[in-house]
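Report on the structure
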Amino acid sequence: MGNARSHRSRAYTFVLACVLSLGACHSEPGPEALMRQARQYRDAGDLRAAVIQLKNVLQQNANNREARQLLGEVYLDQADAVSAEKEFRRAIALGAGAIDLAPLLGRSLLMQAHFDQLLDNVNVPLDVSRLPAILALRGNAMMGLLQPREAAAAFEQALSLDPHHPAALLGMARLAAAHGQAAQAHALLQRALAGHPDDIDCLRFQADLRKLAGQPEAALSGYQHVLTLKPRHVQTYIDIANLYIDSGKFGEARAALQRARSQSAVTLPLLFAQALLNYREHKYGAATETLQAILRIAPDYHPAVLLLATIEASNGADQLAEQHAEQFLRAFPLHPFASKLLAMLQLRADHFDAALVTVLPVLAAHPDDLDLLTLAGETHMRARQFDRAARYFEKASSLRPASASLHAALGLSRLAQGDHGRAIAELERSAALDIAAPRAGVLLVMSHLRAGAPDKALAVITRMQQQAPSALLHNLKGGVLLAMHNPRAARPSFVAALQCDALYLPALDNLAQLDVMEGDADAGARRYLTALEKSPRNTALMEALARHYTSQGRATDATALLEKALAVQPDSLRLGLRLADFYSRSGQQQRARDLARKLVASNPGNADALAMLARVAQAGGDHVSAAEQYGKLVAVMPGATEPLFQLAEQQHAMRDDVAAMRSLRKVLQIAPERADAQILLLATLCAQKKYDDALAFARAVQRQQPASPRGHRLEAELYAVQGNNAAALRVVQHAFTRWPSSDLLIQTHSLLLANGLPRQAQARMDGWLASHPQDVQARLVDASLKQRNNDVTGAIAQLEYILAQNPNHVAALNDLAWCYLRTRQGKARSYAERAWRLAPDSPAVMDTLGWLLHTDGERKRALTLLKQARSAAPANAAIGYHLAVALATSGDKRAARGELERVLAMPSDFDGKDEARVLLATL
């Protein structure tokens, strides 16, 4: 029995081995048999099995041309265009007819959006029978390159040869749909399907049109019909997944993608659909990883480039987003969405000229695009070209007269032009059009405030509250009352806002500021803590409380909160950057550097993380490390000028002037009109005493920019560095004659003083202000000079004139507080508090208020503000002196002595320097 069982066992094992390894019991099938099986699998829709058999053929003979071609075709069926292209090119290299394979190779290139390559590789053949298919492919490539006229010509030529050619009719249908001609697109598809009812591409596009028409159920039915004809068609499953993604049915989308994966190897369209699903589900990290994987395989896969730019923009990684948007636009110039995205990013960076260069050519091609008109208007308005902004907003409003947002924008542009009457009319129209959305009403309130009519502002708020009361409106009312210098009346409005929404952060911030103004900072902290009890993982609240603690000098408590916020969202790059910046600003340089390095390690290649590491090194005085990081940033952002300029600054600080000049010249090759790079290059040449080269550079700028005074200003600066103020004055006066401007007036004024001509300087200033009464910068300079000359009354007159036009001008409020302090008037404190509410992070403003509080005897709050000001501006000797006085008064003589020794060692003079020496002698 035992021997029998053993024999049967050995026999079973032998049979099993034969089943598992056919080659052990049978001879391996030859290439012809494997090719036949591959075709059978393909016909049955089992594409994976077909691929396996074709790879078995190629293992026997890697140069089997027929297997290469068939494998490419199967890859096309799987939507794996990258692999398909490789196989077709190998087949051609092995002797397959390039003309025979041209349609297949063209399809693979088209699926990858390699339109230029398609036009280069797929040319018009001599064989007329193949001509319609080739012309259709070329037409699709031209359509992809945004050349609709050329595309239409190719499709029409194809149809002249074959009036029923489905690919050409499909191309014409796509063109019609792109131009909003849906009925014509449907008619063309019907023509195509009449002759070819089972054409998969036409059926898919028919379903696409239904989706675009807002008929998701009809679209789904169309896609499902395709699957009845070709049950394992991978791209159709991806189409269904995209339909579900658009509809917000993410579970169904995942199921469709899983079906696609079961039919195919992972392909670029499949990966992209997964990234899109992750993006729509706000899984930005997963989406980014998938998109980066796509781009490692195919660096020019343009849909991935554009989606990555979109995600980076939404995550605040603007530099990388701009880089990817520019990459996409190099392939598809004037692409509307990508152009809008890039222009938005350029606007966020205050690069108005660049935004206009991006927007205006696209607008010329799409003159009635509301988004582009609005972007052009906003860009011109931000660039302070208000008349042009108004023209764009007016055209947009004429196209959509019932748009509240456009009337609001037009109102803003009118307001900026000083046309308060028309501005308020537009804003009132906007508010009436859109009662539910308060933006226009808020703008109208602000317009009334700017026009000096706070009562009208309150009336607008009351009307809005009757229609739709909200936390926002209660908070807005409190803000208006604060602007009317009535904090006691403002407080109940902020409290009412929190009754509507206990976590409404703007109202919490305002109440905390009122608490601080009333000397009870702890009450402000308790407000945030109460809110955090209700929402313990709310990182926005943690950041707000950290800001509050920072304003009170409680750096340790602020650090703990920001660290807690990052622990709640450990993958948040924004929070990590915020904490690293806080560490650096609060003097915790090693912790800042450690965190910045960690962020770079976990976000490799991220421009914002690299920039933070560079800034941290720079703040710590480590110019070598800062230069190293900025160098890496230059590599990550080729063609961007900012990292190059920052690198040049570090090289200049290290006195490596040769390297600095090399970096600056690269900057100016890319952006020849970049003023700060021109100034630093001139300074670098002067530091080397290469005055002839510096003069040649200034003159070159004059030739390159003949319509700008910039080159003349550089020449004047060169003469001033050499101590030749007379020559500097001559150059600037000549420039001022040609290009009268506020900047040149101020430079002329300064040089007249340097040449010992104070009366002429004042006369020039008075004449300018008489003809340019709205020039705020010139008035600030005049007020500052009057203060230095002890003409406090004259300085007050200038500053009050500015505030009459703009009640919230921070610099004027701050300077006026100093003036009133010198005249012993009680107004000083109120102006300083107003400035601080508007700019609580400004070192100058914190210093002013802190010094006023110190003189008023509020020593605790004064010391907190002065410490914060000193931390934010350690190189400002005057702030250091004020802090030293406050420290000495508090009894901390050691700290006061250390601060006085530090500021007195600085090379710069400051008001109170003699008093500082006397105080030091007493400690």
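Cut-offs applied
- Residues numbered from 1 in each chain as written.
- Predicted model: local features only at pLDDT ≥ 70, side-chain atom pairs only at ≥ 80, totals over all residues.
- Heavy atoms only, no water.
- Helix = DSSP H or I, 4+ residues; strand = E, 2+ residues; numbered from the N terminus.
- Contact = heavy atoms within 4.5 Å.
- Areas by Shrake-Rupley, 256 points an atom, 1.4 Å probe, with all protein chains shown as cover.
- Phe/Tyr/Trp six-rings, centres within 6.5 Å; stacked < 30°, edge-to-face > 60°.
- Buried < 20%, exposed > 50% of the residue type's maximum accessible area, 1.4 Å probe, protein only.
- Expected span 1.5 Å × (residues − 1).
- pLDDT = per-residue confidence, 0-100.
- Axes fitted to C-alpha atoms, helices over the stretch in contact; angles between N-to-C directions.
- Parallel < 35°, antiparallel > 145°, perpendicular 65-115°, else oblique.
- Left-handed = near helix turned anticlockwise from the far one by under 90°.
- Salt bridge = Lys/Arg side-chain N within 4 Å of Asp/Glu carboxyl O.
- Polar contact = N/O pair within 3.5 Å; in protein donor to acceptor, adjacent residues only side chain to side chain.

Okay, the overall build of the protein next. Tallying secondary structure elements over the protein gives 55 helices and zero strands in all. Once local pairs closer than 6 in sequence are excluded, the contacts in the protein between residues at least 24 apart make up 47%. Total accessible area computed for the protein in this model is approximately 43,900 Å², and 53% of it derives from carbon and sulfur atoms.

Our focus in this paragraph is the packing of aromatic side chains. Applying the stated rule across the entire model yields four aromatic pairs. Plain terms: the ring middles of Tyr-820 and Tyr-831 are 5.6 Å apart, the flat faces sit at 15° to each other, and that makes the pair stacked. Separated by 11 residues along the polypeptide, Tyr-820 in helix α49 (residues 810-822) and Tyr-831 in helix α50 (residues 828-838) bring together distant segments of the chain. For Tyr-820, a relative accessible area of 2% corresponds to the buried category. We classify Tyr-831 as buried; its relative accessible area is 13%. Where Tyr-881 meets Phe-910, the ring centres are 6.0 Å apart and the plane angle is 40°; that geometry is what we call tilted.

The residue Arg-655 is not glycine, and still its phi comes out positive at about 65°. Mapped onto the elements, Arg-655 comes out in the loop between α39 (641-653) and α40 (657-670). Phi is positive for Asn-790, close to 65°, though the residue is something other than glycine.

By the secondary structure assignment, Leu-70 is in helix α5 (residues 65-77). A residue is classified by how much of its surface remains accessible, and Leu-70, at 9% relative accessible area, is buried. Between the C-alpha atom of Leu-70 and that of Ala-84, which follows or precedes it by 14 residues, the distance is 9.4 Å.

The end-to-end C-alpha distance of helix α19 (residues 302-314) is 19 Å, a good match for the 18 Å that 13 residues give at a rise of 1.5 Å each. Summarising burial for α19: 11 of the 13 residues are buried, a large majority. Contacts made by the buried residues of α19 are with α17 (268-280), α18 (284-297), α20 (318-331) and α21 (336-348).

On to the confidence of the model for the protein. Summary statistics for the protein give a mean pLDDT of 80 and a share of 88% for residues scoring 70 or more. Every residue in residues 1-27 is under pLDDT 50, and counting partners more than four places away or in other chains gives two contacts. Here residues 400-437 is modelled with pLDDT under 50, and outside its nearest four sequence neighbours on either side it reaches 74 contacts, counting other chains as well.

This next bit is on the packing of α5 against helix α6 (residues 81-93). For the pair α5 and α6, the least separation of the axes is 8 Å and the interaxial angle reads 160°. Classed by the angle they form, the pair α5 and α6 counts as roughly antiparallel. Crossing handedness for the pair α5 and α6: left-handed. Here α5 contributes Arg-65, Arg-68, Gln-69, Leu-71, Gly-72, Glu-73, Tyr-75 and Leu-76 to the contact with α6, which in turn contributes Ser-83, Ala-84, Glu-87, Phe-88, Arg-90 and Ala-91.

Here we take up the pattern of salt bridges. Under the definition given, this model contains 32 salt bridges. Between Arg-699 and Glu-715 there is a salt bridge, and its shortest N-O distance comes to 2.9 Å. Here Arg-699, found in helix α42 (residues 691-704), pairs with Glu-715, found in helix α43 (residues 710-721); they are 16 residues apart in sequence, far enough to count as distant. A salt bridge links Arg-829 to Glu-858; the shortest N-O distance between them is 2.9 Å. Separated by 29 residues along the polypeptide, Arg-829 in helix α50 and Glu-858 in the loop between α51 (843-855) and α52 (859-872) bring together distant segments of the chain. In this structure Glu-858 comes out as partly exposed when scored by relative accessible area, which is 29%. Each of Arg-829, Glu-833, Asp-856, Glu-858 and Arg-861 takes part in a single network of salt bridges with overlapping partners.

What follows deals with α51. Between its first and last C-alpha atoms α51 spans 18 Å; for 13 residues at 1.5 Å apiece the expected length is 18 Å, and the two agree. Here α51 lies mainly inside the structure; 10 of its 13 residues are buried. Of all the residues in α51, the buried ones are Val-845, Met-846, Asp-847, Thr-848, Leu-849, Gly-850, Trp-851, Leu-852, Leu-853 and His-854. Phi turns positive, to about 90°, at Gly-857, one or two residues after α51.

Bringing the side chain of Ser-535 into the picture now. Assignment of secondary structure puts Ser-535 in the loop between α32 (521-534) and α33 (539-551). A relative accessible area of 16% places Ser-535 in the buried class. Ignoring any residue separated from it by four or fewer positions in sequence, one finds Ser-535 in contact with Leu-503 and Leu-541.

With respect to the element layout, Leu-769 can be found in helix α46 (residues 758-771). Sequence separation between Leu-769 and Asp-782 is 13 residues, and the spatial gap between their C-alpha atoms is 9.6 Å. Setting aside anything within four residues of it in sequence, one finds Leu-769 in contact with Asp-775, Ala-778, Arg-779, Asp-782 and Gln-798.

With that out of the way, let us pick up the side chain of Gln-747. Relative to the elements of secondary structure, Gln-747 occurs in helix α45 (residues 742-754). A polar contact is formed between the side chain of Gln-747 and the side chain of Arg-713, at a distance of 2.8 Å. In this structure Gln-747 touches Arg-713, Ala-716 and Val-732, once residues within four positions along its chain are discounted.

Remark: helix α3 (residues 31-43) packs on α5, axes separated minimally by 12 Å, with the N-to-C direction vectors making an angle of 15°. In terms of orientation, α3 lies roughly parallel with respect to α5. With respect to the hand of their crossing, α3 and α5 are arranged in left-handed fashion. Note on element contacts: α5 touches α3 through Glu-66, Ala-67, Leu-70, Glu-73, Val-74 and Asp-77, opposite Met-35, Ala-38, Arg-39 and Arg-42.

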